[in-house]
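# Geometric and topological summary
This is what each chain is made of:
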Amino acid sequence: MANTQKSAALFSEAQKYIPGGVNSPARAFQAVGDTPRFIKRAEAQYLYDADDNKLIDYIGSWGPMILGNNHPTVLKAVQEVIRDGLSFGAATEREIYMAKMVCEILPSVEMVRMVNSGTEATMSALRAARGYTGRNRIIKFEGCYHGHSDGLLVKAGSGLIAEGGTPDSAGVTPGCAQDTLTAKYNDFESVEKLFDTYKGEIAAVILEPVAANMGVVPPEKGFLEKIRQICTDEGAVLIFDEVITGFRLSLGGAQELLGIKPDLSTFGKIIGGGMPVGAYGGKKEIMEVVAPLGPVYQAGTLSGNPVAMAAGIAQLTYLKEHPQVYTVINELGQRLYGGLAEIVEKAGVSCSVNYIGSIGTLYFTGEKVRDFATAKTADISRYADYFKFMMDKGSYFAPAQFEAMFLSSAHTEGDIDRTLESAAEYFGV
Ligand SMILES: Cc1ncc(COP(=O)(O)O)c(C=O)c1O
Ligand SMILES: N[C@H](C=O)CCC(=O)O
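Residues numbered from 1 in each chain as written. Chains lettered and ligands numbered in written order. Predicted model: local features only at pLDDT ≥ 70, side-chain atom pairs only at ≥ 80, totals over all residues. Heavy atoms only, no water.

Take the site of ligand 2 next. Surveying the vicinity of ligand 2 reveals the residues Ser24, Ala26, Trp62, Ser158, Asn213, Ile244, Lys269 and Glu403. Contact distances for ligand 2 include 2.7 Å between a nitrogen atom and a side-chain N or O atom of Asn213. Within the complex, 86% of the 280 Å² of free accessible area of ligand 2 lies under protein. Its residues assigned to classes, the shell around ligand 2 comprises three nonpolar, three polar and two charged. (Near = heavy atom within 4 Å. Polar contact = N/O pair within 3.5 Å; in protein donor to acceptor, adjacent residues only side chain to side chain. Areas by Shrake-Rupley, 256 points an atom, 1.4 Å probe, with all protein chains shown as cover. Nonpolar A, V, L, I, M, F, W, Y, C, P; charged D, E, K, R; others polar.)

The next point concerns the nonpolar core. Nonpolar side chains in soluble globular proteins tend to be buried together. Membership of the largest hydrophobic core comes to 48 residues, with the highest contact counts inside it found for Leu336, Ile359 and Tyr386. At the level of elements, strand 2 (46–49), strand 3 (54–57), helix 11 (324–347), strand 11 (352–356), strand 12 (359–363), helix 13 (380–392), strand 14 (405–406) and helix 14 (413–427) are the ones that each hand at least two residues to this core. Apart from residues no more than four positions distant in its own chain, Ile359 is found in contact with Ala212, Val216, Ile244, Arg248, Leu249, Tyr337, Asn354, Ala404, Met405 and Phe406. Leu181, Val205, Ala236 and Leu238 belong to the second-largest nonpolar core, a separate cluster that totals 31 residues. (Core = buried A, V, L, I, M, F, W, Y, C linked by side-chain atoms within 4.5 Å. Buried < 20%, exposed > 50% of the residue type's maximum accessible area, 1.4 Å probe, protein only. Helix = DSSP H or I, 4+ residues; strand = E, 2+ residues; numbered from the N terminus. Contact = heavy atoms within 4.5 Å.)

Let's shift gears to the packing of helix 6 (residues 188–197) against helix 7 (residues 223–234). Their axes nearest at 10 Å, the elements helix 6 and helix 7 cross at an angle of 10°. With respect to helix 7, the element helix 6 is oriented roughly parallel. Contact residues: Phe188, Val191, Glu192 and Phe195 in helix 6; Phe223, Lys226, Ile227, Ile230, Cys231 and Glu234 in helix 7. Class assignment of the residues belonging to the contact of helix 6 with helix 7 gives a composition of seven nonpolar, no polar and three charged. (Axes fitted to C-alpha atoms, helices over the stretch in contact; angles between N-to-C directions. Parallel < 35°, antiparallel > 145°, perpendicular 65-115°, else oblique.)

Attention now goes to the pairing of strand 1 (residues 39–43). As judged from the four bridges shared by strand 1 and strand 2, these two strands associate in the antiparallel manner. By the bridge assignment, Ile39 is partnered in strand 2 with Asp49. The antiparallel hairpin formed by strand 1 and strand 2 contains two residues in its connecting segment, where Ala44 sits at a positive phi of about 50°. (Pairing = 2+ DSSP bridges.)

Enumeration according to the criterion identifies 18 aromatic pairs in this entry. Aromatic side chains Phe29 and Phe387 sit 5.3 Å apart centroid to centroid with 85° between the ring planes, which places their arrangement in the edge-to-face category. Of this pair, Phe29 sits in the loop between helix 1 (5–17) and strand 1 while Phe387 is found in helix 13, placing the two residues 358 residues apart along the sequence. Exposure class is identical for Phe29 and Phe387. Each is buried. (Phe/Tyr/Trp six-rings, centres within 6.5 Å; stacked < 30°, edge-to-face > 60°.)

What follows is the structure, encoded as C-alpha cells:
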C-alpha cells in the first residue's frame with residue numbers, strides 16, 4: 001500500500017480551517033470514501049504528493065493541462081510577464097491579442113469577454129442572453145454542470161451528484177431557480193415539450209455539447225442539430241458550454257468537431273493555461289448588450305489579468321502551432337479508453353466505457369450511458385473500490401464516478417500501458 005501519512009495529516013489540519021478541508025468539493029475524495037492526496041508538485045504527466053508518491057495524472061487540473069503540467073512554453077510566458085506587474089485593473093494589449101486569437105480560432109465568436117472562471121462565464125453568458133432576448137427562462141440539461149451560480153445548480157452534474165447528498169444546493173432560493181427548466185440529455189422531445197409549454201419565454205438553451213460532468217456522454221446523432229434548429233426557430237440563444245471541450249476536442253472545440261455553430265460559447269480551463277480564467281463570447285449583436293456598450297452589467301477586478309492572459313495565450317498559441325497535439329491525445333484516448341473497454345469485456349463485468357478523443361469515463365453499469373438516468377445506474381461503491389486500487393498503483397483517476405478523465409500530450413503509450421496493466425489486474429484478466 002502506498003504511504004499516504006502526510007496527506008492524511010494535512011487533511012486533518014485542513015479540515016479545521018477549510019470546509020471539508022478543500023476549496024472545491026470535487027477534490028475531497030468524499031465520493032470514493034477516501035482521503036485526498038495533497039499535491040506538492042507536478043511535472044508533465046505526473047503529480048507528486050506530500051508523501052512523494054509519483055502518480056500518473058489523469059485529471060490534469062480537471063482539464064486545463066492539455067500539454068501536461070508545468071509545460072515549459074506556458075511557464076516561460078508566466079515568468080516573463082510577472083516582471084512587469086501582477087495586475088493593473090486596466091486595459092492591456094495582451095487582452096486584445098487573446099480576444100483576437102479566440103475570434104480567429106472560433107468562427108462563431110465575433111466578440112469575447114474574459115472572466116475569472118467557468119462559473120462566471122456561464123452566469124454572464126446567460127445574463128447576456130436574457131438581456132438580448134428580453135426573456136427570463138432558460139433550459140439546461142439534467143446532469144450537465146455549468147459551475148455554481150444559483151440558477152444553474154438545478155439537476156446539475158459533477159460534485160452535485162453526491163450520493164446521499166442533495167441534488168440541488170441548499171441556499172439557492174426558489175426565486176433564483178424558478179426560471180431554470182430542465183430537459184433530458186439526448187432526448188430532443190423533452191426540449192420540444194418545454195418550448196411548447198413556455199412559448200416565447202425561453203431566452204436560452206445551455207448545454208455541454210459533449211457532456212462531461214455526469215461522466216462523459218457524447219451527443220447522439222441529430223441531437224445537437226435539432227437543438228440548433230429549434231433555438232433558431234424560436235428565437236432562443238443557443239449556448240455551448242465548452243469549458244471542458246473547448247480547445248480540447250479540437251482546436252475549435254466540440255463546435256468545430258461536430259460542425260454546429262452556437263450563438264454564444266463559454267470557455268475556461270485550457271484558455272487560461274492553468275491560471276484562473278473563463279471567457280464568454282459569440283455573435284456580435286448579442287455581445288453588444290454587455291456593459292459598457294449595452295445595458296447588461298458584468299465586470300471583474302481581475303478579469304483579463306496579465307499573468308492569466310500570458311499563460312492562456314502561450315498555451316493556445318502552442319496548440320495552434322502544433323496541431324499534432326490533437327492526434328497524440330486522441331490516439332492516447334483510443335489506447336486508454338479502448339483498452340479499458342476491452343478489459344471489462346474480457347472480464348465479463350457489468351461496465352461500459354464512454355469516450356471521445358482524450359476524455360472518457362468507465363461506468364460501473366452494464367447499461368449504455370446516454371443521459372443522467374442511465375449514468376446514475378452506475379454502482380458508485382464498485383467505482384470507489386476500483387479507484388482506490390488504481391490510485392494505490394499510481395494512476396490518479398477522477399475521484400468520483402460521474403467525472404471525466406483527461407489526457408495530455410505529455411502522456412506516453414508506456415503510461416497508458418502501465419495503467420491498463422493495473423486495470424487488468426483489478427478485473428482479474
Ligand atoms: C462544463 C463546465 N462548465 C462550467 C464549469 C465551471 O468552471 P469553474 O470550476 O472554473 O467555475 C465547469 C467545471 O467546473 C465545467 O466542467
Ligand atoms: N467537474 C468539475 C470540473 O469540470 C470538477 C472541478 C471542480 O469543481 O473542482
